Amino acid sequence: MFFSQDRGLWRRAALALLLLALALLLDLWQRPAHPEPAQARFGAESPPVLADLRPQDQGHIPMPSDAAAAHASNLLAMPDGAPVALSAFWFAGDRESAPNVQIAASQWDRSSGQWLPARYVVNRHVMASQLGFGVRRLGNPVAWLDGSKRMHLFVVATGWGGWAAARILHLVQDGPSQQLQDLAFRPERVLPLSWLWNTSFLVRNAPLALQDGGMILPAHFELGIKYPVALRFDKQGNFMGMVRMSRQGHWLQPTLLAQGTTHWLALLRDTRPQGHIGVLQTQDGGASWLEQDDLALVNPDAAVAGMALAPQHLLLAHNSSPGSRELLDLSGSQDGLRWQLVHPMAHGQGADEFSYPAMAWADGALWLSYTDHRKSIAWQRLAAGSLAAPALPRAKGSLP
Amino acid sequence: MNAWLQRMLAQDAPSLPLAWAMQLDLSLGWALVLALLGSTLAWRLPLPQRRLVALVLAVWALLPGPLSPDYWLGLAFHAPSLTAMLLCAGLVQRLLFPAGLRRSWPRDGASAAARLPAGSLGLLAVGVLLGYALLLDTFALLPLSLYAWGFSPLALLLLLALFLLPWVAGAARERPHALSHWLAPLALLLFAATRLPTGNVWDALLDPWLWLLMHGLLLRQLWRRWQVGR
């Protein structure tokens, strides 16, 4: 009796081992190659002296004719040989979170030196029909070109509830053309980021480009508490995992700046009253992050946008008044910790709002965009050299 | 050895399901859930009519577009876990085709949940605790990223070993075909093959609705045991 029971045990154990081996083989067989440690790629091959950056041109990006409100723009530098230098994406509709909000786009035409008339490129009903389930609201587009120069768009797509019920929808360029009139996207997937019905992760800021052609997409969680995460993608745009950057409950919308290939900073919006821009640092290409002291720069619970043109050539667009979004500035830094004003982007008063900046480096110039009173998207171009637009005050101090 | 261990622990090379497979999984998952709900709520009806109710609800969920319930359920909750889908499929079969599973389930009409052996009760408790851990992780209240760990091969391997353990130890001998012994291992094997529903093993094993249901089952079991013990 004992021996027969014992035999049964061994038989079951052998079968269990077989099942484990089968599961492991199936699992490993389907996985992509293990990626090399992430190494950042910088935005500009010959970066300018930051203090020499001067406004060259400015204006407003054309809006779709029926859009009363616009917010959360994102700029994407296009390949050198393309007829357009930049693609701009933002969400537009009757108001933020309105049912008719869509993702609008425009492009800077190199030959005419103008923005092309905007058109909508992502509609929630179309996305829902392709996904097979509903999308309640759209917002915060973030664009990226993969290693094959194929365009990807990450947008916030909400389920039941507001932004806290949001998910990150990964869209991929549908069709070969990147010209504005042809530009279309199809859903790749909703990124799997949380066990709780995959809520509540959002994107806002531009990715950090990697040398392997992939990127790190900064995102954040915001259901009740806020915390930042970093999402890695390979050069084909395949999701390669996530790293929680901090467990502090008041930081969101990280923007990533490379100091070296594996030494990066994340600067963060702070939801606390009287908050300052938060800082995280990684020395191992984003595998682990350490909290640093806040910057001296104030943050009125407003989005910031940063970019590293090259080591020690760091730029940050940020709201610089403690309790409002009436001042929007561009600052520069060598170490990412001490910042000096490079250019006052927009200075208003009282209830004026200039917010949600974005930036890109294209055609040897720094391009900035931001929300102007939640009604339109303003843009500016800065480059080293002579002034082509009205002079603006310069910062004191030294910059690279 | 070190490289092998690193590969097993790696969270940065996940394999995710294809878009069409995710869409099919979502529709099929909610079709099974609705079929179970329909056949349970229509328990007073004769069996053929209960089958019809379940079929109509399942077909309704499989329809595309906003007129289908899975369009809205997917909006709010995405897809059910593979465990929930297998549970629903098993219960639908039990409720609507009772003769086929006579060996697996009590014939006296008593709920199978009322007779869970100690091993199954333990697994139920593990599932409930696991849900709490995943919930805490969602709100960054754990020092490690538990959800991200669900992208690693080791997570699948350890979970499968854990849920096969009661069967290996002989806990399934009394009722070898009972769903409770096979749900989690089968879901994990299906996950290994298909990566559904998201590519993360936690989503395949346990979803928040199933987790809430497990609370009810566990409390019911504990209450019955306490009553018997008293």
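Look above for the structure.
Rules used throughout
- Residues numbered from 1 in each chain as written.
- Chains lettered and ligands numbered in written order.
- Predicted model: local features only at pLDDT ≥ 70, side-chain atom pairs only at ≥ 80, totals over all residues.
- Heavy atoms only, no water.
- Core = buried A, V, L, I, M, F, W, Y, C linked by side-chain atoms within 4.5 Å.
- Buried < 20%, exposed > 50% of the residue type's maximum accessible area, 1.4 Å probe, protein only.
- Helix = DSSP H or I, 4+ residues; strand = E, 2+ residues; numbered from the N terminus.
- Domains from an automatic or database assignment.
- Contact = heavy atoms within 4.5 Å.
- Expected span 1.5 Å × (residues − 1).
- Pairing = 2+ DSSP bridges.
- Axes fitted to C-alpha atoms, helices over the stretch in contact; angles between N-to-C directions.

By size, the foremost hydrophobic cluster in this structure holds 127 residues, and its most contacted members are F89, L231 and M242 of chain A. Considering each element in turn, this core owes the most residues, 10 residues, to helix α8 (residues 153-168) of chain B. Residues lining this core come from more than one domain, with at least three contributed by each of domain 1 (14-102) and domain 2 (111-230) of chain B. If we ignore the near neighbours within four places in the chain, the residues touching L231 of chain A are I168, L191, L193, M215, I216, L217, A219, F239, G241 and M242 of chain A. Counting residues in hydrophobic clusters, the runner-up holds 27 residues, among them W251, A258, W289 and L314 of chain A.

As a further point, take α8 of chain B. All names here are of chain B. Its 16 residues give α8 an end-to-end C-alpha distance of 22 Å, which sits within 8% of 22 Å, the value for a rise of 1.5 Å per residue. Within α8, 12 of the 16 residues are buried, which leaves it mostly tucked inside the rest of the structure. When α8 is considered as a whole, its buried residues turn out to be P153, L154, A155, L156, L157, L159, L160, F163, L164, P166, W167 and V168. Downstream of α8 by one or two residues, G170 has phi in the positive range, about 95 degrees.

The next thing to look at is the sheet that holds strand β26 (residues 376-384) of chain A. All names here are of chain A. Strand order in the open sheet formed by 4 strands is β1-β26-β25-β24, with antiparallel pairing between adjacent strands. The open sheet terminates on both sides in strands that have one partner only, identified here as β1 (53-60) and β24 (354-362). For this sheet, the mean inter-axis angle between neighbouring strands, taken without regard to orientation, is 20 degrees. Sheet topology places strand β25 (residues 365-372) next to β26; 7 bridges connect them, and they run antiparallel. Bridging across to β26, L366 finds its partner in L382.

Residue S200 of chain A is reached from T199 of chain A by a cis peptide bond, and omega for that bond is 0 degrees. Along the chain, the position of S200 of chain A falls in the loop between β10 (185-190) and β11 (201-203). Here L196 of chain B and P197 of chain B are connected by a cis peptide whose omega angle stands at 5 degrees. Relative to the elements of secondary structure, P197 of chain B occurs in the loop between α9 (179-194) and α10 (201-205). One non-glycine residue with positive phi stands out, namely Q253 of chain A, at about 50 degrees. As for its placement among the helices and strands, Q253 of chain A is situated in strand β16 (residues 251-258). On the accessibility criterion, Q253 of chain A (3% relative accessible area) is buried. Phi at D363 of chain A is positive, roughly 55 degrees, even though this residue is not glycine. With respect to the helices and strands, the residue D363 of chain A is situated in the loop between β24 and β25.

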